[in-house]
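Examining the three-dimensional arrangement
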Amino acid sequence: MTLSHVRDVHVARLGFGRVLLGEERPLPAEGVAIPIEGALVTVDPARPASIPSCLVTDPDAAEASVRLLYGEDAASAVLRVWPDAGPARTRCSVEPDDELRDLVRLGMVRWCRQFSPLPLDDGLSLLEESMLVGRLYAVLEDVDDWPGDLERACGRVIDRAEGDVAAHPAAERLLVDALDLLATRLPITDPISIGARERLSGREPGDPGTSDGRRDAWVADLQPRLALVAGDSTTAGAATVDWYDVRRGLTSMTEGNARWTLELDEDAAVLSVAVEGPPAVRRYGRPAAERERPGADRLAFDAYVPNWRFAVLTGELRFGEADWSWAGSSRVGAAQAALLQQAVDAGGRPSVRVRTLELTPMQSPAWALAHRWTCRGLAAARVAGNEDDRSAAAETWHRAAQLWRLIRSDAHGDVCQQLAEDLLAGDLTYDLTAAEAWLVEGASG
């Protein structure tokens, strides 16, 4: 499903030097904000066929970009409502061009890189993001170094394939487009890149080894574990790594992926934590999925108890390849042990947060849970290839809707409910990123 001509798009002056082109709406899977000159475009990852909203803060700087992305009528409408003496709101037509479609595609790739729980090849995702940035550099802010980023992304993908680039329509089209774009800015002198481009450009679409791919086999893997692991108590239990606290690719993205145990003595306490490592990923040019050591040396964990706003203890986690998990423990003295003992005696239990070494504000656990289910539903819907897959994705969105309503975010719940209904009705489809296409091709091959 792609962008098409829209005749009736709202344009409104919000005051304080802001004009909104399009509409603000609930985005339970999180919108992808993309800065352009003089404005901020927000892409809805769940509905890529909808016109992305554009918040203009500098009409002079944004005029050329808005005209290129949204068309002449939209650019004129923004200028009409900007002056205080002009109308507060108007309407315009938007005729999407290749640039706006590329911008939406960029939003999809960035969403997948941050929130998709699928085991995607991040090398392909980064290459696609870098290629789209290169196409859009005229409107994006602060991307003057895009040729260098694109060259490095191309090199990583080709190096991983050890020069033997695989025959796959989406991946090889991406490589050809990236190398062609790069050639407009930098001379390609690397013999491996030159050879890869020659082989890819010379292939016919029907060459042996190409595959249309299928969007199945992954939805079942996205269904979270609902029940607590046997043995959960006030001194042992499970937690889930918040996707904002630890970036994608360092740990698994399943529910209950962190296990903890608490040992209490009269004057001391020890909390031990173990977190599942990242899943195996099938890299471009490789025949099977392989596990790779996470790209970080350490993670951290904190423990909290009810009615105490600060962490009772903090510790570090280190990765072990033997059991493919992060593990660590923290020993504290009498004062912290007393707080933990009081919580246990009151029938409570510690809550454990896993994070990077950089301490950032903590998300509401209930909000984070609803958001994770929403993202799992979207990831499943994106690769759904048959009725069973769509039903499973819709079921995940229904669960997300319930979770949003439990925290009184009814608008988010209504969006998830509608997404599920539209998916089942066949009114919602998605174009796969190159990394998603490579993944499902491997699952169906």
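Residues numbered from 1 in each chain as written. Predicted model: local features only at pLDDT ≥ 70, side-chain atom pairs only at ≥ 80, totals over all residues. Heavy atoms only, no water.

Next up on the list: the sheet that holds strand β5 (residues 53-56). Strands sit in the order β3-β4-β5-β2-β1-β6 across an open sheet of six strands; the sheet is antiparallel. What marks the edges here is a single partner per strand, and that holds for β3 (32-36) and β6 (89-94). Mean inter-strand twist for the sheet, computed between neighbouring axes without regard to direction, equals 20°. As judged from the five bridges shared by strand β1 (residues 6-13) and β6, these two strands associate in the antiparallel manner. Each residue of the ladder has a partner; that of Val-11, found in β6, is Thr-90. Helix-sheet contacts for helix α1 (residues 59-70) involve β2 (19-21), β3, β4 (39-43), β5 and β6, and the interaxial angle to β5 is about 165°. Where helix α2 (residues 72-81) meets the sheet, its contacts fall on β1, β2, β5 and β6, and the angle it forms with β6 comes to roughly 170°. (Pairing = 2+ DSSP bridges. Helix = DSSP H or I, 4+ residues; strand = E, 2+ residues; numbered from the N terminus. Axes fitted to C-alpha atoms, helices over the stretch in contact; angles between N-to-C directions. Contact = heavy atoms within 4.5 Å.)

Per the counting criterion, the structure on display carries 27 salt bridges. One salt bridge in this structure joins Arg-113 and Glu-129, with 2.8 Å as the shortest N-O distance. Placement of the pair is Arg-113 in helix α3 (residues 98-115) and Glu-129 in helix α4 (residues 122-135), with a sequence separation of 16 residues. In this structure, Glu-290 engages Arg-286 in a salt bridge whose closest nitrogen and oxygen atoms are separated by 3.0 Å. Take Glu-290: its relative accessible area is 35%, and that puts it in the partly exposed class. (Salt bridge = Lys/Arg side-chain N within 4 Å of Asp/Glu carboxyl O. Buried < 20%, exposed > 50% of the residue type's maximum accessible area, 1.4 Å probe, protein only.)

Let us now look at the sheet that holds strand β13 (residues 351-355). Strands sit in the order β7-β8-β9-β12-β11-β10-β13 across an open sheet of seven strands; the sheet is antiparallel. Strands with a single pairing partner mark the edges of an open sheet, and in this sheet they are β7 (236-239) and β13. Each strand axis lies, on average, 25° off the axis of its neighbour in the sheet, ignoring direction. Sheet strands touched by helix α8 (residues 334-345): β8 (258-264), β9 (269-276), β11 (313-320) and β12 (325-332). Its angle to β8, the strand with the most contacts, is close to 105°.

On to a negative patch on the surface. On the surface, Glu-37, Glu-141, Asp-142, Asp-144 and Asp-145 cluster together to form a negatively charged patch. By secondary structure assignment, the location of Asp-145 is in the loop between α4 and α5 (146-160). Given a relative accessible area of 46%, Asp-145 falls into the partly exposed group. (Patch = residues over 30% accessible without salt bridge, like charges linked within 9 Å, V, L, I, M, F, W, Y side chains within 5 Å. Areas by Shrake-Rupley, 256 points an atom, 1.4 Å probe, with all protein chains shown as cover. Lys, Arg positive; Asp, Glu negative; His and termini not counted. Charge placed at Lys NZ, Arg CZ, Asp CG, Glu CD.)

So, about the nonpolar core. In terms of nonpolar packing, the biggest core is built from 92 residues, with Tyr-70, Leu-140 and Trp-397 touching the most fellow members. The element best represented in this core is α3, accounting for nine residues. If near-sequence neighbours (up to four positions away) are discounted, Leu-140 is found in contact with Ile-34, Pro-35, Ile-36, Glu-37, Leu-103, Leu-106 and Val-133. Counting 28 residues, the second largest nonpolar core, distinct from the first, contains Ala-269, Val-273, Leu-317 and Ala-343. (Core = buried A, V, L, I, M, F, W, Y, C linked by side-chain atoms within 4.5 Å.)

Summed over the entire model, instances satisfying the criterion amount to eight aromatic pairs. Centre to centre, the rings of Phe-319 and Trp-324 are 4.9 Å apart; their planes meet at 85°, and the pair counts as edge-to-face. This pair shows no difference in class: Phe-319 is buried, exactly as Trp-324 is. Aromatic ring contacts, followed pair by pair, group Trp-111, Phe-115, Tyr-244, Trp-367 and Trp-404 into a single cluster. The cationic tip of Arg-282 hangs over the ring face of Trp-438; the distance from NZ or CZ to the ring centre is 3.7 Å. The cationic tip of Arg-399 hangs over the ring face of Trp-373; the distance from NZ or CZ to the ring centre is 5.6 Å. (Phe/Tyr/Trp six-rings, centres within 6.5 Å; stacked < 30°, edge-to-face > 60°. Lys NZ or Arg CZ within 6 Å of the ring centre and 35° of its normal.)

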